[in-house]
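# Structure assessment
As a plain string of letters, each chain reads:
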Amino acid sequence: MEALKNHHQLFELLPNEVIVNTFTFVDADTLFDCRLVCKRWKELIDKYAFQEKAARENKFMNDGRGYYSFSQINSNYIRKLDLPWYVFYVIIKYDPFNRNLVKNHCGQDGLNHWGNITNTLWSMPGDFDMFNFVDMSCIQQIPQENRYVLSDPDFDGYTSCFVIDFQYLRTIDQKIIFKDYGLNEIVMKTLRPKISFSAWYYRDNRQLISYTLRATVHSRTNKIIGLCDNIDTGLQTEFGWNKYNILFTKLISHNHHPKPLDDTTFCAVNNAKTDMKLCAISNKESTNKILLSIAHGCNSTVCSKLRNSDVLRRTIRHARRIYAPDEPENLIFSLPDKWKTTMGGEAADFLIYDNGNGHRILIFATNEGLSFLSSSNIMVHGWHI
């Protein structure tokens, strides 16, 4: 028992940077469970580990193209995103954003995942073995002369499509459960993502057929919270390939209506938030000290209208990340003075060695950390590539 106790004490001496760096090599579900080990692990995982893991793995995902969810931002900006930990957990495990969630969207796997398939002569529910009943000619390859449409990301490299008309298919639909992709109610309320539905279709000049793209969004209680139809009657579109789009930007409605703030309180709340961000950028005080100083300068009404402490802490960290210097592109750079001293309380030296030549070596340490290392018989080396 004494050996285990000493081992635990030695582990507590590890710097936060070494622990976070180790956590980034753990899979998402195990890292989620590690949050239950102790308070220190939970804080490091929630504040840093999931985000650092997402940033590090981004360049390896999807054959080097990165996570779909980060496809619209610069990869160097991932570490500066002001998002709660569970968003990064969902991205690492499911990568649900900026991608097509429809399964078998081009018929590349026959009629798998599609239900309520009907034509004018027959219909059957989605749990039947459709391959024994349906003429598979309803799935065809896009002709070579029309391959220009395949440049659209919706096709995702596939060259087949469904033939929907009165001869082959009349209706076809699919249910997408957002929760299966980690998009639970908390994530949806936090991010309020835009949900886009789209479909390509080909209008033949020999037939006049009405084409409808219908998108219905249900809540977890099966209540309809979004409904839209995009109908082509054949009169307003040209012959050839056309694309329909449906975009939902707001789905979740709130039953409560908070009382609006009066002008004085509204201005005071915004001034407090502005002061908090300026303090985060201009000085090196700890997050808790900044929150306390802001709270002491506000009355009880303004304090009650500020968001909870966790959100305010993320705001402070986000402000510091935004105005932090960009990561150097090579080893020849000038280190800002504020990176050479510690934050919180009285500033002390943090950069203890810099050789300044082409093979750059920087050593950061606090006096307390050095005293721990000098008294320990175990040395732990950490590095960042």
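Read on for an overview of the structure. Numbering of residues starts from 1 in every chain and runs along the sequence as written. This being a predicted model, a pLDDT of at least 70 is required before a residue's local features are given, and a value of 80 or more before pairs of side-chain atoms are given or counted; all residues contribute to the totals for chains, interfaces and linings. To get the side-chain values, all heavy atoms of the structure are used, and hydrogens and water are removed first.

Right, let's get into the packing of helix α2 (residues 16-23) against helix α4 (residues 39-57). Axis lines are fitted through C-alpha atoms, for helices just across the contact stretch, and the angle between N-to-C directions can take any value from 0 to 180 degrees. For helices the rule is a DSSP run of H or I covering at least 4 residues; for strands it is a run of E covering at least 2, with both sets numbered from the N terminus onward. Here α2 crosses α4 at 55°, and the two axes come no closer than 8 Å. Considering their axes alone, α2 and α4 lie oblique with respect to each other. Crossing hand, α2 versus α4: right-handed. The residues of α4 that touch α2, namely those facing Asn16, Ile19, Val20, Asn21 and Phe23, are Arg40, Trp41, Leu44, Ile45, Tyr48, Ala49, Glu52 and Arg56. Side-chain classes are defined by residue name, with Ala, Val, Leu, Ile, Met, Phe, Trp, Tyr, Cys and Pro counting as nonpolar, Asp, Glu, Lys and Arg as charged, and the others, Gly among them, as polar. Residues that form the contact of α2 with α4 fall into these classes: eight nonpolar, two polar and three charged. The cut-offs work like this: below 35 degrees is roughly parallel, past 145 is roughly antiparallel, 65 to 115 is roughly perpendicular, and the gaps in between are oblique. Crossings are sorted by hand: turned counterclockwise from the far helix by less than a right angle, the near helix makes the crossing left-handed, and turned clockwise it makes it right-handed. Pairs of residues are marked as contacts when any of their non-hydrogen atoms sit within 4.5 Å.

Relative accessibility decides the category of a residue: with a 1.4 Å probe and only protein chains considered, values under 20% of the type maximum give buried, values over 50% give exposed, and everything between is partly exposed. All of the buried residues in helix α8 (residues 287-296) are Thr287, Ile290, Leu291 and Ile294. All buried residues of α8 project into a common sector of 100° when viewed along the axis, lining one side. Opposite the packed face of α8, turned more than 90 degrees from it, sit the exposed residues Leu292 and His296. Regarding the arc, it is the one traced by the directions from the helix axis to the C-beta atoms.

Let's shift gears to a nonpolar patch on the surface. Residues Ile352, Tyr353, Ile361, Ile363, Leu370 and Leu373 make up a contiguous nonpolar surface patch of about 490 Å² in total accessible area. Of all the secondary structure elements, the ones that give two or more residues to the nonpolar patch are β10 (351-354) and α11 (367-375). Examined against the element boundaries, isoleucine 361 turns out to sit in the loop between β10 and β11 (362-364). Judged by relative accessible area, which is 42%, isoleucine 361 ranks as partly exposed. Exposure above 30% relative accessible area and the absence of a salt bridge qualify a residue for a patch, where like charges join within 9 Å and nonpolar side chains (Val, Leu, Ile, Met, Phe, Trp, Tyr) within 5 Å. Using the Shrake-Rupley algorithm and a 1.4 Å probe, accessible areas are obtained, with residue cover drawn only from the displayed protein chains. Salt bridge, as used here, is a side-chain nitrogen of Lys or Arg placed within 4 Å of a carboxyl oxygen of Asp or Glu.

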